[in-house]
Amino acid sequence: MAKNMQNTSYRKLDVDAFDPEQYDENDETVDTPGLGPDERAVQGYLSSNRLEDALHASLLSPPLKTKDQNVKDRATLLVTKVLQSFKNAEIEQAVQKLSIDEGDILMRYVYKAMELGADAAVCQSLLAWHAQLVAKFGHGAIIRVLSGRQRL
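Residues numbered from 1 in each chain as written. Predicted model: local features only at pLDDT ≥ 70, side-chain atom pairs only at ≥ 80, totals over all residues. Heavy atoms only, no water.

Draft legend 1. Looking closely at the overall build of the chain. When its secondary structure is counted, the chain shows seven helices and zero strands. Each helix and strand of the chain, ordered N terminal to C terminal, gives the series α-α-α-α-α-α-α. Counting only residues that meet the buried cut, the chain has 35% of its 152 residues in that class. Looking at the chain alone, contacts between residues at least 24 apart form 80% of all its contacts between residues at least 6 apart. Taken as a whole, the chain presents about 9,900 Å² of accessible surface, with 51% of it coming from carbon and sulfur. (Helix = DSSP H or I, 4+ residues; strand = E, 2+ residues; numbered from the N terminus. Buried < 20%, exposed > 50% of the residue type's maximum accessible area, 1.4 Å probe, protein only. Contact = heavy atoms within 4.5 Å. Areas by Shrake-Rupley, 256 points an atom, 1.4 Å probe, with all protein chains shown as cover.)

Draft legend 2. Representation of the nonpolar core in the model. Of all hydrophobic cores here, the largest spans 34 residues; its most connected members are L55, L83, F86, L106, W129 and L133. Counting only elements with at least two residues in this core, the list comes to helix 1 (39-47), helix 2 (51-58), helix 3 (69-85), helix 4 (88-96), helix 5 (100-115), helix 6 (120-137) and helix 7 (139-147). The contact partners of W129, leaving out residues within four places of it in the chain, are L55, L83, F86, I91, A94, V95, L106 and V110. (Core = buried A, V, L, I, M, F, W, Y, C linked by side-chain atoms within 4.5 Å.)

Draft legend 3. Examining the packing of aromatic side chains more closely. Per the stated rule, a full pass over the model turns up one aromatic pair. Each ring, one from F86 and one from W129, has its centre 5.1 Å from the other, and the planes form 85°; the classification is edge-to-face. In this pair, F86 is assigned in the loop between helix 3 and helix 4 and W129 in helix 6, connecting sequence segments 43 residues apart. Given the relative accessible area of 7%, F86 is considered buried. When its relative accessible area of 0% is taken as the criterion, W129 is described as buried. (Phe/Tyr/Trp six-rings, centres within 6.5 Å; stacked < 30°, edge-to-face > 60°.)

Draft legend 4. Representation of the side chain of E102 in the model. Assignment of secondary structure puts E102 in helix 5. In this structure E102 is buried but unpaired, with K136 as the nearest side chain of opposite charge at 7.6 Å. Sequence-distant contacts of E102, that is, excluding residues within four places in its chain, are made with H56, L59 and K97. (Lys, Arg positive; Asp, Glu negative; His and termini not counted. Salt bridge = Lys/Arg side-chain N within 4 Å of Asp/Glu carboxyl O.)

Draft legend 5. Up close: the packing of helix 3 against helix 5. The N-to-C vectors of helix 3 and helix 5 enclose an angle of 100°; their axes lie 9 Å apart at closest approach. Taken as axis vectors, helix 3 and helix 5 run roughly perpendicular relative to one another. Listed contacts from helix 5 to Q69, D73, A75, T76, V79, T80 and L83 of helix 3 are L106, Y109, V110, K112 and A113. Considered class by class, the residues forming the contact of helix 3 with helix 5 number seven nonpolar, three polar and two charged. (Axes fitted to C-alpha atoms, helices over the stretch in contact; angles between N-to-C directions. Parallel < 35°, antiparallel > 145°, perpendicular 65-115°, else oblique. Nonpolar A, V, L, I, M, F, W, Y, C, P; charged D, E, K, R; others polar.)

Draft legend 6. Region of interest: the environment of V71. As for its position among the elements, V71 is in helix 3. Given the relative accessible area of 12%, V71 is considered buried. For the pair V71 and L35, spaced 36 residues apart in sequence, the C-alpha to C-alpha distance is 6.8 Å. Beyond its immediate sequence surroundings of up to four residues, V71 is in contact with L35, P63 and T66.

What follows is the structure, encoded as structure tokens:
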């Protein structure tokens, strides 16, 4: 028998805390700001034709923690309005300036906007954004969105 078998001081990590079956959806340990993007700021950027600033402002505070579906839908419609303001030629340049976290949030909004049942023109725009997001961030962006526990 080994000498150190009696010494259990190395067992400091509680592995049961990482059990996915014990996940608490109401756990507030993750600090996520958010009741959605600031609509007035985004509208101001849109009216002054500062589309990239409007995009970044709309991605700042996603309502992932709230349980109010109206807040989530309103934020999704605002982001969709921002995305439709871009021309197809401007989409790639805007996506290239996004961070990985912003890309994941934007991918969540794209999927949620498709779920809300938009018309053909909106879906065409959303698919163009989706293609550019996948081109920059790869299939990992899709997997992170679909496997994430927090939904819009």
